[in-house]
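Examination of the molecular architecture
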Amino acid sequence: MADVVLGIETSCDETSAAVLVGEQARRAPELASLVILSQDVHRVFGGVVPELASRAHLAALPAVVDRALAEAGIGWSAVDAVAVTQGPGLVGALLVGVVYAKALAYARARDLIGVHHMEGHLFAPALEDPELAPPFVALLVSGGHTLLLDVPGWGRYRLLGATRDDAAGEAFDKVSTLLGLGYPGGPAIERLAGEGDPARYAFPRPMLDDGFEFSFSGLKTAVVRYVRSERARGEETPLEDLAASFQEAVVEVQVQKTITGAVDKGVRTVVLGGGVVANTRLRSLMAEHARARGLELLIPPPELCTDNGAMIACAGFYRLQRGERTDLGVGANPGLSL
Ligand code: KG4
Ligand code: ZN
């Protein structure tokens, strides 16, 4: 008998649903459909406007779920459980997904499982590689989080280091705004960086040899200060070189800490997740260093790095298999800890 899980993700500005089908005899579930609707409305504001995100989720979610079911070629009667992002994220945005998932589970008498958003990111590589199993060290980098985790087993997460200030994605977004490249910043900076010289500006590599904690706020300030002083002198800053030099600094710090973490913990595998992992330079430099250390590296394809319902369905699937269920009385939890 197959376990069919509907995954719902609405924690930020992507309205997404996916259907995951797991044969009980097999270990790994298979993705039957994935629908991701990126909210465009925030672009003109240069960042996510929480109230607009909630409203856009509310308008789109029923159609996104219907589409995911249709693309999977199944009706509601085939769904065994609903997995939904419970937190962390924007409270109003989360609430839309949680309330919708609870209503579905209640009305159809199906199981409900609440998922931690970052645990979802951690499970994204498992969608591609059914053999993926701990122990491994994971770097999870998104717009709101920068986490280096030691994972001895699924569901067991030891924090090696987090950011003291800005998240990695947040740094991309803020520098992008400063350079007038718009939101979201990561893809915009990466596009420009491709035409620039990463060695042109020697931006700081914050806390590079200083344990497993991160700090990106000072780096962002260094870029801001540089641009302002150039402008004050009436000089035009080559944006391509700035973007490339900034990206290189952020990427180098993440690669060094992750590889050192893996060596330190004596694991053979490194896993990456979160929106920032869509970055081509981060992927290639990490691959280069992992290879040099004889480490296996697992990176989800770009569309599974950014927020999506498939990773939530996947994390939910593993929890359901362990017999876990979430009570229908559950609420959205914007500060949920891993
Ligand atoms: O995981 P995600 O989709 O949403 C959160 O949970 O926050 O991550 C979004 C973040 C944004 O800060 C965005 O600028 C960044 O991921 N991002 C990138 C790239 N694509 C998205 N950062 C660097 N390079 C990219 N190609
Ligand atoms: Zn995310």
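Residues numbered from 1 in each chain as written. Chains lettered and ligands numbered in written order. Predicted model: local features only at pLDDT ≥ 70, side-chain atom pairs only at ≥ 80, totals over all residues. Heavy atoms only, no water.

1. A closer look at the nonpolar core
Counting residues in each nonpolar core, the largest one holds 44 residues, and the members touching the most others are Phe-203, Phe-246 and Leu-282. Those elements that place two or more of their residues in this core are β6 (136-141), α4 (168-178), α5 (185-193), α6 (217-232), α7 (239-265), β9 (269-273) and α8 (280-292). Sort the elements by how many residues they give to this core and α7 lands first, with 11 residues. Discounting residues that sit within four places of it in the chain, Phe-246 has contacts with Ala-171, Phe-172, Val-175, Ile-189, Phe-203, Leu-219 and Val-223. Counting 35 residues, the second largest nonpolar core, distinct from the first, contains Ala-126, Leu-149, Ile-312 and Phe-317. (Core = buried A, V, L, I, M, F, W, Y, C linked by side-chain atoms within 4.5 Å. Buried < 20%, exposed > 50% of the residue type's maximum accessible area, 1.4 Å probe, protein only. Helix = DSSP H or I, 4+ residues; strand = E, 2+ residues; numbered from the N terminus. Contact = heavy atoms within 4.5 Å.)

2. Re helix α3 (residues 117-128)
With 11 of 12 residues buried, α3 is to be regarded as a mostly interior element. Among the residues of α3, those classed as buried are His-117, Met-118, Glu-119, Gly-120, His-121, Leu-122, Phe-123, Ala-124, Pro-125, Ala-126 and Leu-127.

3. Notes on the domain arrangement of the chain
Assigned domains within the chain: domain 1 (2-128 + 305-321) and domain 2 (136-302). Measuring from the centre of the C-alpha atoms in domain 1 to the corresponding centre in domain 2 gives 27 Å. Contact with domain 1, which involves 18 residues of that partner, is made by 25 residues of domain 2. Both faces considered, domain 1 and domain 2 share a buried interface measuring about 1,700 Å² in area, 73% of it formed by carbon and sulfur atoms. Applying the counting criterion to the domain 1 and domain 2 interface returns 0 salt bridges. Remark: the boundary between domain 1 and domain 2 carries 8 residue pairs in polar contact (both at pLDDT 80 or more). For the side of domain 1 that touches domain 2, the secondary structure elements donating two or more residues are α3 and α10 (309-321). Looking at the side of domain 1 that touches domain 2, the element that brings in the most residues is α3, giving 8 residues. (Domains from an automatic or database assignment. Buried area = accessible area lost by both parts, 1.4 Å probe. Salt bridge = Lys/Arg side-chain N within 4 Å of Asp/Glu carboxyl O. Polar contact = N/O pair within 3.5 Å; in protein donor to acceptor, adjacent residues only side chain to side chain.)

4. Overview of unusual backbone geometry
In this model, Gly-87 is joined to Pro-88 through a cis peptide bond whose omega is -10°. Tracing the backbone shows Pro-88 in the loop between β4 (81-87) and α2 (91-108). Each neighbour pair has its own omega, and for Pro-134 with Pro-135 the value is 10°, a cis peptide bond. Here Ala-109, not a glycine, exhibits a phi torsion of approximately 55°, which is positive. Along the chain, Ala-109 falls in the loop between α2 and β5 (111-116). Phi is positive for Met-207, which is not a glycine, with a value near 55°. Along the polypeptide, Met-207 turns up in the loop between α5 and α6. Classification of Met-207 by relative accessible area gives buried; the value is 16%.

5. Quick look at the coordination of the zinc ion (ligand 2)
At the metal site, the zinc ion (ligand 2) is ligated by His-117 (NE2), His-121 (NE2) and Asp-307 (OD), and these contacts range over 2.0 to 2.1 Å. Positions of the donor residues of the zinc ion (ligand 2), expressed as sequence spacing, correspond to H-x3-H-x185-D. Taken together, the positions of His-121 in helix α3 and Asp-307 in the loop between α9 (302-305) and α10 put the pair 186 residues apart, joining distant regions of the chain. (Donors = N, O, S within 2.8 Å, 3.2 Å for Na, K, Ca; no water.)

6. Notes on the pattern of salt bridges
For the structure shown, the criterion picks out 17 salt bridges. One salt bridge connects Lys-174 with Glu-170, and the closest N-O pair in it is separated by 3.1 Å. Of this pair, Lys-174 and Glu-170 both sit in helix α4, separated by 4 residues, roughly a single helical turn. Note on Glu-170: relative accessible area 24%, which makes it partly exposed. Between Arg-319 and Glu-324 there is a salt bridge whose closest N-O contact spans 2.8 Å. Since its relative accessible area comes to 17%, Arg-319 is described here as buried. Connected through salt bridges with shared partners, the residues Glu-119, Arg-319, Arg-322 and Glu-324 form a single ionic network.

7. As for the packing of aromatic side chains
The tally for this structure, following the rule as stated, stands at 10 aromatic pairs. Taking the centre distance of 4.9 Å and the plane angle of 40° together, the rings of Phe-123 and Tyr-318 count as tilted. Here the residue Phe-123 occupies a position in helix α3, and Tyr-318 occupies one in helix α10, the gap between them amounting to 195 residues. The buried category is assigned to Phe-123, whose relative accessible area is 1%. Residues Phe-317 and Tyr-318 carry aromatic rings whose centres are separated by 5.9 Å and whose planes lie at 85° to one another, so their mutual orientation is edge-to-face. Judged by its relative accessible area of 1%, Phe-317 falls in the buried class. Members of the aromatic cluster, each reached through a chain of ring pairs, are Phe-123, Phe-136, Trp-154, Phe-317 and Tyr-318. One cation-aromatic arrangement involves Lys-257 over Phe-214; the distance from NZ or CZ to the ring centre is 5.7 Å. (Phe/Tyr/Trp six-rings, centres within 6.5 Å; stacked < 30°, edge-to-face > 60°. Lys NZ or Arg CZ within 6 Å of the ring centre and 35° of its normal.)

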